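Secondary and tertiary structure notes
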Amino acid sequence: MCLTLDDVKIAARGLFEYETPKYVVIKNNVVGTINFTIQLTILLYTAFYALWWERGYQETEVPVSAVTTKLKGIEYTNISSVGPRIWDVAEYVVPPLEKDAFFLMTNMVVTPNQKLGKCDEDPEVAPCKRDSDCSAGQTTFGSNGVMTGRCIPSSRNSSMTSCEVFAWCPVENDVPLLKGRPVLPGVENCTVLIKNYIVFPKFGVRRRTIPEDYAEKHLKTCRWNKDEEKYCPTFRIGDIINSIGENFTELAYKGGVININIQWDCNLDYDPKYCLPLFTMRRVDEKTDIAPGLNFRHAYHYVEHGQPARTLIKAWGIRFVITVSGKGGKFSIAPTLRNIGAGLALMAMASVVCDIVLRIWYRSSFEKEKYNEAKIMRLECC
Amino acid sequence: MCLTLDDVKIAARGLFEYETPKYVVIKNNVVGTINFTIQLTILLYTAFYALWWERGYQETEVPVSAVTTKLKGIEYTNISSVGPRIWDVAEYVVPPLEKDAFFLMTNMVVTPNQKLGKCDEDPEVAPCKRDSDCSAGQTTFGSNGVMTGRCIPSSRNSSMTSCEVFAWCPVENDVPLLKGRPVLPGVENCTVLIKNYIVFPKFGVRRRTIPEDYAEKHLKTCRWNKDEEKYCPTFRIGDIINSIGENFTELAYKGGVININIQWDCNLDYDPKYCLPLFTMRRVDEKTDIAPGLNFRHAYHYVEHGQPARTLIKAWGIRFVITVSGKGGKFSIAPTLRNIGAGLALMAMASVVCDIVLRIWYRSSFEKEKYNEAKIMRLECC
Amino acid sequence: MCLTLDDVKIAARGLFEYETPKYVVIKNNVVGTINFTIQLTILLYTAFYALWWERGYQETEVPVSAVTTKLKGIEYTNISSVGPRIWDVAEYVVPPLEKDAFFLMTNMVVTPNQKLGKCDEDPEVAPCKRDSDCSAGQTTFGSNGVMTGRCIPSSRNSSMTSCEVFAWCPVENDVPLLKGRPVLPGVENCTVLIKNYIVFPKFGVRRRTIPEDYAEKHLKTCRWNKDEEKYCPTFRIGDIINSIGENFTELAYKGGVININIQWDCNLDYDPKYCLPLFTMRRVDEKTDIAPGLNFRHAYHYVEHGQPARTLIKAWGIRFVITVSGKGGKFSIAPTLRNIGAGLALMAMASVVCDIVLRIWYRSSFEKEKYNEAKIMRLECC
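All residue numbers refer to positions counted from 1 along the written sequence of the respective chain. Chains carry letters from A onward and ligands carry numbers from 1 onward, assigned in written order. With pLDDT at 70 or above as the cut-off, local features in this predicted model cover only qualifying residues; side-chain atom pairs require 80 or more to be listed or tallied, and sums for whole chains, interfaces and linings still use all residues. Note that water and hydrogens are dropped before the side-chain values are worked out from all heavy atoms of the structure.

Here we look at the overall build of chain A
What counts is decided by this rule: For helices the rule is a DSSP run of H or I covering at least 4 residues; for strands it is a run of E covering at least 2, with both sets numbered from the N terminus onward. With C-alpha atoms as the basis for the radius of gyration, the globule rule is written as 2.2 Å multiplied by the number of residues raised to the power 0.38. The classification of residues rests on relative accessible area computed with a 1.4 Å probe and restricted to protein chains. Under 20% of the type maximum is buried, over 50% is exposed, and intermediate values are partly exposed. Here a residue-residue contact requires only that any non-hydrogen atoms of the pair lie within 4.5 Å. Areas reported here follow the Shrake-Rupley algorithm with a probe of radius 1.4 Å; residue values treat only the protein chains shown as occluding.
Within chain A, the secondary structure is distributed over eight helices and 17 strands. The C-alpha radius of gyration computed for chain A amounts to 36 Å, which surpasses the reference 21 Å derived for 382 residues by more than 25%, pointing to a less compact arrangement than a globule. When the 382 residues of chain A are sorted by exposure, 52% land in the buried category. Long-range contacts, defined here as pairs at least 24 residues apart, represent 69% of the contacts in chain A between residues at least 6 apart. For chain A, the exposed area adds up to about 17700 Å²; of that, 55% sits on carbon and sulfur atoms.

Brief notes about the side chain of Arg207 of chain A
Spelled out, the test is: In the analysis that follows, any N or O atom pair within 3.5 Å is treated as a polar contact, provided that within protein one partner can donate a hydrogen and the other can accept it, and provided that, for residues neighboring in sequence, both atoms belong to side chains.
Looking at the element boundaries, Arg207 of chain A is found in strand β11 (residues 205-208). One polar contact links the side chain of Arg207 of chain A to the main-chain carbonyl oxygen of Cys275 of chain A, over a distance of 2.9 Å.

Overview of the pattern of salt bridges
Defined as follows: A pairing counts as a salt bridge when a side-chain nitrogen of Lys or Arg comes within 4 Å of a carboxyl oxygen of Asp or Glu.
Here the structure, examined in full by the defined rule, presents 51 salt bridges over all chains. We note a salt bridge from Glu304 of chain A to Lys115 of chain A, for which the minimum N-O separation is 3.0 Å. Of the two residues, Glu304 of chain A is situated in strand β15 (residues 295-304) and Lys115 of chain A in strand β7 (residues 101-120); the sequence distance between them amounts to 189 residues. For Glu304 of chain A, a relative accessible area of 10% puts it in the buried group. Linking Glu59 of chain C and Lys202 of chain C is a salt bridge whose minimum nitrogen-to-oxygen distance equals 3.6 Å. In this pair, Glu59 of chain C is assigned in strand β3 (residues 58-61) and Lys202 of chain C in the loop between β10 (191-200) and β11 (205-208), connecting sequence segments 143 residues apart. On the basis of relative accessible area, Glu59 of chain C is assigned to the partly exposed category, the value being 29%.

Re the interface of chain A and chain B
Rule in force here: The term buried area means the drop in 1.4 Å probe accessible area that two parts suffer when joined, counted for both and summed. Just so you know the grouping, Ala, Val, Leu, Ile, Met, Phe, Trp, Tyr, Cys and Pro go in nonpolar, Asp, Glu, Lys and Arg go in charged, and all remaining residues, Gly too, go in polar.
Taken together, the 89 residues of chain A in the interface contact 75 residues of chain B. Interface of chain A and chain B: buried area, both sides summed, is about 7100 Å²; carbon and sulfur atoms make up 61% of it. For the pair chain A and chain B, the number of links is three salt bridges. A salt bridge links Arg310 of chain A to Asp88 of chain B; the shortest N-O distance between them is 2.5 Å. If you look at where chain A meets chain B, you find 14 residue pairs in polar contact (both at pLDDT 80 or more). Tallying contributions element by element places helix α7 (residues 333-361) of chain A first for the side of chain A that touches chain B, with nine residues. Residue composition of the side of chain A that touches chain B, by class: 47 nonpolar, 19 polar and 23 charged.

Concerning the packing of aromatic side chains
Threshold: Pairs were defined over the aromatic rings of Phe, Tyr and Trp, the Trp ring being its six-membered one, requiring ring centres within 6.5 Å. Orientation was assigned from the angle between planes: stacked under 30 degrees, edge-to-face over 60, tilted for the rest. Lysine NZ or arginine CZ positioned within 6 Å of the ring centre and within 35 degrees of the ring normal marks a charge as sitting over the ring.
Across all of its chains, the model carries 24 aromatic pairs over all chains by this definition. Note on Trp52 of chain B and Trp53 of chain B: the rings are 6.4 Å apart at their centroids and 45° apart in plane angle, and the pair reads as tilted. Of the two residues examined, Trp52 of chain B and Trp53 of chain B, each falls in the exposed class. Taken together, the ring pairs connect Trp224, Phe235 and Phe279 of chain A into an aromatic cluster. Note that Arg85 of chain C overlies the ring of Trp87 of chain C, its terminal NZ or CZ placed 4.6 Å from the centroid.

Thoughts on the interface of chain C and chain B
The following threshold applies: DSSP calls a pair of strands paired once it identifies at least 2 bridges connecting them.
Contact with chain C, which involves 75 residues of that partner, is made by 89 residues of chain B. Of the roughly 7000 Å² buried between chain C and chain B on both sides combined, carbon and sulfur atoms contribute 62%. Note that Arg208 of chain C is salt-bridged to Glu286 of chain B, the shortest N-O span being 3.9 Å. Across the chain C-chain B interface, the total number found is 13 residue pairs in polar contact (both at pLDDT 80 or more). Of the residues forming the side of chain C that touches chain B, the biggest block, 10 residues, is contributed by helix α7 (residues 333-361) of chain C. Of the residues in the side of chain C that touches chain B, the class split is 41 nonpolar, eight polar and 26 charged. Relative to strand β1 (residues 17-21) of chain C, strand β2 (residues 23-27) of chain B is paired through five bridges, and the arrangement is antiparallel. Of the residues in β1 of chain C, the one forming a bridge with Val25 of chain B is Glu19 of chain C.

With respect to the environment of Cys190 of chain B
Examined against the element boundaries, Cys190 of chain B turns out to sit in the loop between β9 (161-169) and β10 (191-200). Dropping the residues within four chain positions of it, Cys190 of chain B is found in contact with Lys72, Gly73, Tyr92, Phe235, Arg236 and Ile237 of chain B.

What to know about a nonpolar patch on the surface
Definition in use: The residues that make up patches have over 30% relative accessible area and no salt bridge, and they are joined within 9 Å when like-charged or within 5 Å when they are Val, Leu, Ile, Met, Phe, Trp or Tyr.
A contiguous nonpolar patch, built from Leu40, Leu43, Leu44, Phe48, Tyr49, Trp52 and Trp53 of chain A and spanning about 790 Å² of accessible area, is present on the exposed surface. Within the secondary structure, Trp53 of chain A sits in helix α2 (residues 29-53).

Focus on the relation of the copies chain A and chain B
Convention followed: We superpose the copies by least squares over the C-alpha atoms of residues that have a pLDDT of at least 70 in both of them.
Rotating chain A by 120° and translating it 0.0 Å along the rotation axis places it on chain B, where the RMSD comes to 0.1 Å. Look at the turn and shift together and you get a three-fold axis relating the two.

Some words on the UniProt feature "binding site: ATP" (unreviewed entry) in chain A
The condition that has to hold: UniProt positions are given in the numbering used here, feature names are shortened, and annotations may be inferred rather than shown by experiment.
Look at the UniProt record and you will see "binding site: ATP" (unreviewed entry) annotated at Lys70, Leu71, Lys72, Thr191, Asn295, Phe296, Arg297 and Lys314 of chain A. Of the residues just listed, which span 245 residues, the most distant C-alpha pair is 24.7 Å apart, and they do not cluster in one region. Relative to the elements of secondary structure, Thr191 of chain A occurs in strand β10 (residues 191-200). When residues no more than four places from it in sequence are discounted, the contact partners of Thr191 of chain A are Lys70, Leu71, Lys72, Arg223, Thr234, Phe235 and Arg236 of chain A. Note on placement: Asn295 of chain A falls in strand β15. By relative accessible area, Asn295 of chain A is classed as buried at 12%. A distance of 2.3 Å separates a polar atom in the side chain of Asn295 of chain A from a polar atom in the side chain of Lys70 of chain B.

Side note on the environment of Leu276 of chain B
Residues and elements named next belong to chain B. Tracing the backbone through its elements, the reader meets Leu276 in the loop between β13 (256-267) and β14 (277-283). Once the C-alpha coordinates of Leu276 and Cys266 are considered, the two residues, 10 residues apart in sequence, prove to be 7.4 Å apart. Contact partners of Leu276, with chain neighbours within four places excluded, come to Arg207, Tyr231, Gln263 and Trp264.

Side note on the state of the cysteines
A covalent bond between the sulfur atoms of two cysteines is referred to as a disulfide. Residues and elements named next belong to chain B. The cut-off we apply is this: Note on terminology: pairs of cysteine sulfur atoms within 2.5 Å are recorded as disulfides.
Taken as a whole and assessed by the stated rule, the structure comprises 15 disulfides over all chains. In this model, Cys119 is linked to Cys169 through a disulfide, with the two sulfur atoms separated by 2.0 Å. Its S-S torsion of about -85° marks the bond between Cys119 and Cys169 as left-handed, since a negative value means left-handed. Of this pair, Cys119 sits in strand β7 (residues 101-120) while Cys169 sits in strand β9, and the two are 50 residues apart along the sequence.

Points about the domain arrangement of chain A
Here is the rule: Where each domain starts and ends comes from a domain assignment, either automatic or drawn from a database.
Annotation of chain A at the domain level lists domain 1 (23-56 + 332-375), domain 2 (61-113 + 181-331) and domain 3 (122-170). Here the C-alpha centroids of domain 2 of chain A and domain 3 of chain A sit 40 Å apart.

What about α2 of chain A?
Worth spelling out the cut-off: Bend at a given residue is defined as the angle between two axes, one fitted to the seven residues that end at that position and one fitted to the seven that begin there.
Taken as a whole, α2 of chain A carries its principal kink of about 30° at Thr46 of chain A. Every buried residue of α2 of chain A is listed here: Val31, Gly32, Asn35, Ile38, Ile42, Tyr45, Thr46, Ala50 and Leu51 of chain A. The inward-facing, buried residues of α2 of chain A abut α7 of chain A together with β1 (17-21) and α7 (333-361) of chain B. The distance from a side-chain oxygen at the start of α2 of chain A to the backbone nitrogen of Val30 of chain A is 3.1 Å, and the residue carrying that oxygen is Asn28 of chain A. Count one or two residues on from α2 of chain A and you reach Arg55 of chain A, which has phi positive near 50°.

A closer look at the environment of Phe166 of chain B
By the secondary structure assignment, Phe166 of chain B is in strand β9. Judged by relative accessible area, which is 12%, Phe166 of chain B ranks as buried. For the pair Phe166 of chain B and Glu373 of chain B, spaced 207 residues apart in sequence, the C-alpha to C-alpha distance is 98 Å. When near neighbours in sequence (up to four residues on either side) are disregarded, Phe166 of chain B contacts Leu116, Gly117, Lys118, Gly145, Val146 and Thr148 of chain B together with Tyr76, Pro84, Arg85 and Ile86 of chain C.

Here it is, written out as structure tokens:
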């Protein structure tokens, strides 16, 4: 189908002519009102919701983001079985650096000075009466080592016996140091400075959580709170937990996961200085009976007297996961047209509905004929 | 262009009138069939695919998610050059806590008790015949230290000489402990409990990978498998690797990366209890000759006799990266209308196609005139 | 509203008939040109921008991705207060393994051999004149321990006195080792091999940053650069920093965050071998006076003479965060139709605009009547 001179003529004629459909106007209050209502609704929806409220006239971009955190706080404990201890960030932040997250150890079982060797297993894990209860080379569920085949007195409870194992000795005594309370309740008073830098590459806008209008002194002393200090990027751990209605002691004892979301919803048609973060917190894990909380084991390895040794720590704690969401938008013609187009497409719905109503209305009536005659013209040319 | 009384009258008239295009009906089997087929296709596509299958009638939301993992398993090795050793999670999970990922060390080269000082370099890296082969202060590709300028006998192979270096001594002997087999084959039997909590904030729905109807006992003993136990959140490492057709020994020897995807495709028009996770695994790295597998070096630092010392470990292993995808959907009027609108917009395509077909059909024929006369009315008013 | 025989007949008639709107053609240069221009613009926008440029004819998929990094490089320092030291990856990469990120320590304050006990606090943090200046059991902002209530001579500066604290002793002297320069300037010469594997599951395509046509030897020696070697996956740290116009010394001294984005924009209608990564770097944090740079504290724990001890390190450094973006696209009928439909919907905009123009044009003129008469047919049937 190649272009002929005729086609060019027709195209040229397009410049001088305007083709518009011929309309039949039907006087019918019901159908008229339906049509008017649907069209008005679509118009309002497109103009106010899709275009204005949802900012459909803007091209949007998701920010490139980087989060770094800086924790501060020191705690002194004096538990009888452990002695006095000082806990600073190098002690309770494990691992020391994470991407968009940090873990605060609040409760623990420490088993210092473990060495490879033979010792008695936890009597709850591998109780025994005689050597034949301990099959050499086997491990049981939750055991700390491999059985040697001997049944020996437990070092933990002199009235009991348990299987001897080859393991990191002595084996861990998996019982919390304090009943119902965390070892490090002072973590509640620690603070975290969340530095979040975002870039909208297409729009060339950079923003960060540290407000420009904060003096260095105010930045050091301010503490985030939902109302007056909602842009202060320094958070007291206890404040975060209270603001979401959780109980610190319970959370710190069993462990948990909290999400801190930083939302940047930026209308870049205005000055970028109005593009400000919104912090929202939420507990993500569930208080449940089955496998609750959060804990993991890690060890510090060293060598003593030429022998490998380690300090095993089972750590419970609060994990903070920082997510960055939101988008920046700036006026652009393409999305505006796309939304207007979508609105116009919806307009066709009014006709579809009205045509159906009319067909029902005029069904088996004398006016059906009249309507059809006016609306439709039959051409039996070919 | 301000509103006049006339405009208001016209708008008011909209309530009593319905404007509908006047149609010309053309009897033409071919065009009629084309028109009917296209319209039916679009109708079916919109109704069944866009609306029903893709759930276009629903407003959707991506979940906020948190993943924590709990590894279990113990392994005993007795390699002649190392002696008996016990490996628990604190040994083979490096680092102990990661966000949405965990690394299981399966193979390694351990260089214990390194101290800062002078020693012979690996003969493969810095072979020499005489002192002048070792230029003081230089490093070569892959070297472990800085040359002192002396050529000394190798401590590793008495028949060879190599450059002396200032380094952490003795330098690492980068040769796998066992040929073609991993040092820790037992990692295959380790298990991981994946606790994934998701929240759909807008819909107020919370879900997790631990099934509500599992008793604590069943949760402890069940092991995920593709068919009968597809909702059990505890995975045996070997099962994961087998289910994707990989060979554990090979993967453990060279290292690799496996993605575990948790998909939550939730139709929240139903009871949230039907919102269940789908676990899919996939090996992400490639078996290749160039730079295959996954390994990295880390060290345990300590002090012996007042001197800094370290145990250097080159670790190969399997890295599991957990991703959470999916979305929740609930009926909402706005997306429904948007999809219907898009469908109606497509309907216009039928007319476009048919008009083109008609123009070709009637081309240079006598009926063209007749068609145009019926369809188009010329108004030469202005 | 159930189907009658009539409805079936009407549906059947659809196969033989084609309904097309009757048009009124208005000769009006202005409106004709407006109509033609709008329609042409929409046609060009749909065809060239939405369909061709934005590849609107393709179904797209976001890749599943895994990133592993391999760092190489060794550095020798000889700072008078520390003595000669060798730094390899196990020293300056902290933590040794991260997901999609790595941190290179470039500057530090090392406090070796800290033990729990009593010692003098930093005189800047807790200066004192007499014991009463040090309230026992209290901590001050930035302090390292809990005051014992005594005021003692500072071990750091014999002419000063400071509060005695229970802390990890000796307390850290938070002053950079070298003024204005990083301790490890040689990190500039380190290299990182970025192995990024992506999978498009739906399209069954796998790609990676290691080019297939690179020999192993070339892979080992090539270094990425913006122009000739833009596909080489090995980056010299200094090259990355220079390519974004940053100053290594400054960045290394204070610390910073750099984003390396790997973009895979793949047209999978062509051979997948043309699907190649684009590396772009960007500094994400801001040079600012308030809380600049990036640093964190971590410690190596060990036991000496049966007592817990640690080496505390305050580390400044450059954090590299690797992100993977992009999408793969392949021709598919559904998105093509969706885009054509959107284009057709926009076409309706031409009529809307022209109708408005016509109403203004014919406003209060004699031709208005004539136009209305031709265009609109009143049916007062009911």
